[in-house]
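Coordinate inspection notes
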Amino acid sequence: MTNPPEIFSERYRSDGSLRGNILEWLDARLPLTPFWRKHFSAYYVPKNFNFLYFFGSIGLVVLAIQLITGIFLLMYYKPDASLNADGLPAAFSSVEHIMRDVNWGWLIRYMHSTGASAFFFVVYMHIFRCMLYGSYRKPRELLWIIGILIFFLLMAEAFTGYVLPWGQMSFWAAQVITDLMSVLPFVGETLVSWLRGGFSVGDATLGRFFSLHVVCIPLALIFLVLLHLLALREVGSNNPDGIEIYGCADAVDARGKPLDGIPFHPYYTVKEILGIAIFLTVFFALVFFAPEGGGYLLERANFSPADPLKTPEHIETLWYFSPFYSMLRAIDQPVLGIDAKFLGALAMNSSIGILTLLPWLDRSPAKSIRYRGPIFKILLPLFALAFLTLGFLGKQPPEYLLFGLIPANRAAQSATLFYFLFFLTMPWWSKIDKCKPQRPRLK
Ligand code: HEM
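These remarks concern the structure in this document.

Analysis parameters
- Residues numbered from 1 in each chain as written.
- Predicted model: local features only at pLDDT ≥ 70, side-chain atom pairs only at ≥ 80, totals over all residues.
- Heavy atoms only, no water.
- Helix = DSSP H or I, 4+ residues; strand = E, 2+ residues; numbered from the N terminus.
- Buried < 20%, exposed > 50% of the residue type's maximum accessible area, 1.4 Å probe, protein only.
- Contact = heavy atoms within 4.5 Å.
- Lys, Arg positive; Asp, Glu negative; His and termini not counted.
- Charge placed at Lys NZ, Arg CZ, Asp CG, Glu CD.
- Axes fitted to C-alpha atoms, helices over the stretch in contact; angles between N-to-C directions.
- Parallel < 35°, antiparallel > 145°, perpendicular 65-115°, else oblique.
- Nonpolar A, V, L, I, M, F, W, Y, C, P; charged D, E, K, R; others polar.
- Phe/Tyr/Trp six-rings, centres within 6.5 Å; stacked < 30°, edge-to-face > 60°.
- Lys NZ or Arg CZ within 6 Å of the ring centre and 35° of its normal.
- Near = heavy atom within 4 Å.
- Polar contact = N/O pair within 3.5 Å; in protein donor to acceptor, adjacent residues only side chain to side chain.
- 1 Å grid on protein atoms, 1.4 Å probe; cavity = no way out; pocket = protein on both sides within 12 Å on 5 of 7 lines; lining within 4 Å.
- Sits in = over half its atoms within 2 Å of the grid points.
- Patch = residues over 30% accessible without salt bridge, like charges linked within 9 Å, V, L, I, M, F, W, Y side chains within 5 Å.
- Areas by Shrake-Rupley, 256 points an atom, 1.4 Å probe, with all protein chains shown as cover.
- Salt bridge = Lys/Arg side-chain N within 4 Å of Asp/Glu carboxyl O.
- Points joined across faces, edges and corners; volume = space filled by probe spheres on them.
- Donors = N, O, S within 2.8 Å, 3.2 Å for Na, K, Ca; no water.
- Tetrahedral: all angles 85-135°; square planar, octahedral: opposite > 155°, others 65-115°.

**Considering the overall build of the protein chain**
- Of the regular secondary structure elements, the protein chain holds 17 helices and four strands.
- With respect to the principal axes defined by its C-alpha atoms, the protein chain has extents near 75 × 65 × 45 Å.
- By the burial criterion, 47% of the 443 residues in the protein chain qualify as buried.
- In the protein chain, of all internal contacts separated by at least 6 residues, the share reaching a separation of at least 24 is 75%.
- Computed over 37 positive and 31 negative side-chain charges, the inter-centroid distance for the protein chain is 11 Å.

**Here's the deal with the packing of helix H12 (residues 322–330) against helix H15 (residues 374–394)**
- Axis separation between H12 and H15 bottoms out at 7 Å; the angle between their running directions is 75°. Considering the angle they form, H12 stands roughly perpendicular to H15. On H15, the residues that touch Ser322, Pro323, Phe324, Tyr325, Ser326, Met327 and Arg329 of H12 are Phe387, Leu390, Gly391, Leu393 and Gly394.
- Of the residues that constitute the contact of H12 with H15, the class distribution is seven nonpolar, four polar and one charged.

**Examining the packing of aromatic side chains**
- Applying the stated rule across the entire model yields 39 aromatic pairs.
- Ring geometry for Tyr136 and Trp144: centres 5.4 Å apart, planes at 55°, overall tilted.
- According to the relative accessible area criterion, Tyr136 is buried, its value standing at 2%.
- A cation over an aromatic ring shows up here: Arg233 above the ring of Tyr43, its NZ or CZ 3.8 Å from the ring centre.
- In this structure, Arg372 packs its charged tip against the face of Phe376, placed 3.8 Å from the ring centre.

**Quick word on the site of the ligand**
- Around the ligand, a shell composed of 24 residues is seen, among which Tyr53, His126, Ser135, His228 and Asn238 lie nearest.
- At 2.7 Å, a side-chain N or O of Ser135 approaches an oxygen atom of the ligand.
- A distance of 2.7 Å is found between an oxygen atom of the ligand and a backbone nitrogen or oxygen belonging to Asn238.
- In this structure, the ligand is accommodated by the largest pocket.
- Residue classes in the shell around the ligand are distributed as 14 nonpolar, nine polar and one charged.

**Regarding a positive patch on the surface**
- Together, Lys377, Lys436, Arg439 and Lys443 make up a region of like positive charge exposed at the surface.
- With respect to the helices and strands, Lys436 occurs in the segment after helix H17 (426–432).
- Residue classification places Lys436 among the partly exposed residues on the basis of a relative accessible area of 47%.

**Thoughts on the environment of Arg300**
- Turning to its location among the elements, Arg300 is positioned in the loop between helix H11 (264–289) and H12.
- Relative accessible area serves as the criterion here: at 56%, Arg300 is assigned to the exposed category.
- Separated by 131 residues in the primary sequence, Arg300 and Met169 have C-alpha atoms spaced 8.9 Å apart.
- With near-sequence residues (within four places) excluded, Arg300 lies in contact with Gly294 and Gly295.

**Considerations on the layout of surface pockets**
- In this structure, the largest pocket occupies an estimated 1400 Å³ of space.
- Lining the largest pocket are 46 residues; nearest its centre among them are Gly56, Ser57, Leu60, Leu229 and Leu232.
- Residue assignment for the lining of the largest pocket shows that the elements contributing at least two residues are helix H3 (32–41), helix H4 (54–74), helix H6 (105–133), helix H7 (141–163), helix H10 (203–235) and H11.
- It is H10 that provides the largest number of residues to the lining of the largest pocket, a total of eight residues.
- Broken down by class, the residue content of the lining of the largest pocket amounts to 31 nonpolar, eleven polar and four charged.

**A short note on the environment of Cys216**
- If you trace the backbone, Cys216 turns up in helix H10.
- We classify Cys216 as partly exposed; its relative accessible area is 40%.
- In this structure, the C-alpha to C-alpha distance between Cys216 and Glu157, residues 59 residues apart in sequence, is 9.4 Å.

**What about the coordination of the iron atom of the ligand?**
- The protein atoms that coordinate the iron atom of the ligand are His126 (NE2) and His228 (NE2), at distances spanning 2.0 to 2.1 Å.
- The site at the iron atom of the ligand holds six donor atoms, and with the angles between them running 84 to 179°, its shape is octahedral. With His126 in helix H6 and His228 in helix H10, this residue pair connects regions lying 102 residues apart in the sequence.

**A word on the environment of Leu88**
- With respect to the helices, strands and loops of the structure, Leu88 is situated in the loop between H4 and helix H5 (90–100).
- Assessed through its relative accessible area of 26%, Leu88 is described here as partly exposed.
- Through-space distance from the C-alpha of Leu88 to that of Trp166 is 10.0 Å; in sequence the pair is 78 residues apart.
- When residues no more than four places from it in sequence are discounted, the contact partners of Leu88 are Ser82, Leu83, Ser93 and Pro305.

**Quick word on the pattern of salt bridges**
- With the rule as written, the count across this model stands at eleven salt bridges.
- Linking Arg100 and Glu96 is a salt bridge whose minimum nitrogen-to-oxygen distance equals 2.8 Å. You can see Arg100 and its partner Glu96 sitting in helix H5, four residues apart, about one turn around the helix.
- Judged by relative accessible area, Arg100 falls into the exposed class, the value being 66%.
- Take Glu96: its relative accessible area is 21%, and that puts it in the partly exposed class.
- With a shortest N-O distance of 3.2 Å, Lys395 and Glu299 are connected by a salt bridge. Of the two residues, Lys395 sits in the loop between H15 and strand S3 (401–402) while Glu299 sits in the loop between H11 and H12, which places them 96 residues apart along the sequence. Grouping residues by exposure puts Lys395 and Glu299 together as buried.
- A cluster of three or more residues bridged by salt bridges with shared partners is formed by Lys47, Asp260 and Arg441.

Without other data, these values stay purely geometric and don't point to any function.
Pasting the structure below:
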């Protein structure tokens, strides 16, 4: 007989009973306490986080809500566009079955549909916080770029999910968005039919969108979120003053602890629990009392089953895609002989792509708005306003007049132009802007 492994003699008495407690036993096999110390109780973060720093952890909570409710929906949902005996598409009926017959099905479905909107709200706040405090600047460029990839995947996840109930808007949104691929030269048409699995949106499209929505994109999303957190741990958090807590020699004590930092646990675990509790209160208030959110959380047209023979009067998109949809619609004339649809699709994609360049477009010596000059303080709110205006216009019919005066399209064109000019001229205005001298340490 071979000798028992070393670990056994350390952890067990000769009679086989356990020395020490269960945690010691676990630690000897899996480094739980060292992990907790490294990432929570002995992990120092800036002491001046404000409520805008809640949105990262709230994002993790929403991701968990979406994954868990998604698993339960999957138990009853059927990705099948063929018609049942009652004349309704099987996919559409399966969602109705969840809502009416399955125990607590309505709660699971409303949590998932409200969760989608909540996810975007949280991520928009998270991105805006990064812009306010210059969190995308060196050394967090990669963290920021991973974030944009997450955002991109989140859009793909929301879009594929929107198609699944196979309502009127599901069908026609899939039609419009897949059709956008046709603008690509040479491969466009082939790509559209490859994506749809046929010449028009149908059962094959539903099947592939289902597979993307429940397997491929969530896996990629989880992987990217882990990468995002790994990158965050490597460079540490920025803060509302944009001052690095390990930034200068006298910012750390003799043991190397930052004087302007506090351990994440218990200080921020307690604070974030408060933020998460407030978020969940609002979230469940919507789920219980306004699950359709006046047509913003669930669109009315999607309560009618998909009908390939009946185009809806006004094809609109969900509120969180609306600013980008507005850019797509804004370009309605060819420019220099280039097709309008191509330019619209290009503007829509570039509006997200250009964000990846932000760390290099911004030349200001200061990171946070607290130290930046008047140009930034004027342009950033205007940028936010342009984005919100685009969002608002994307939900209006094309003939809408802004303030009863400006045709929707003109307004959307101006806002799109401002959106791009904000970034393209940033290397210039961020350099000449008069910043306040930045302290080496937090107050
Ligand atoms: C599923 C979506 C996301 C989750 C779960 C997530 C999670 C987090 C968490 C937990 C933090 C640390 C806490 C905080 O600073 O708020 C963080 C920081 C950060 N995230 Fe995200 N994030 C997501 C999406 C994004 C996106 C879309 C971007 C940018 C386009 C982004 C950029 C950043 C940056 C730059 C930081 C560092 C901020 C700082 O230190 O000031 N994240 N994220």
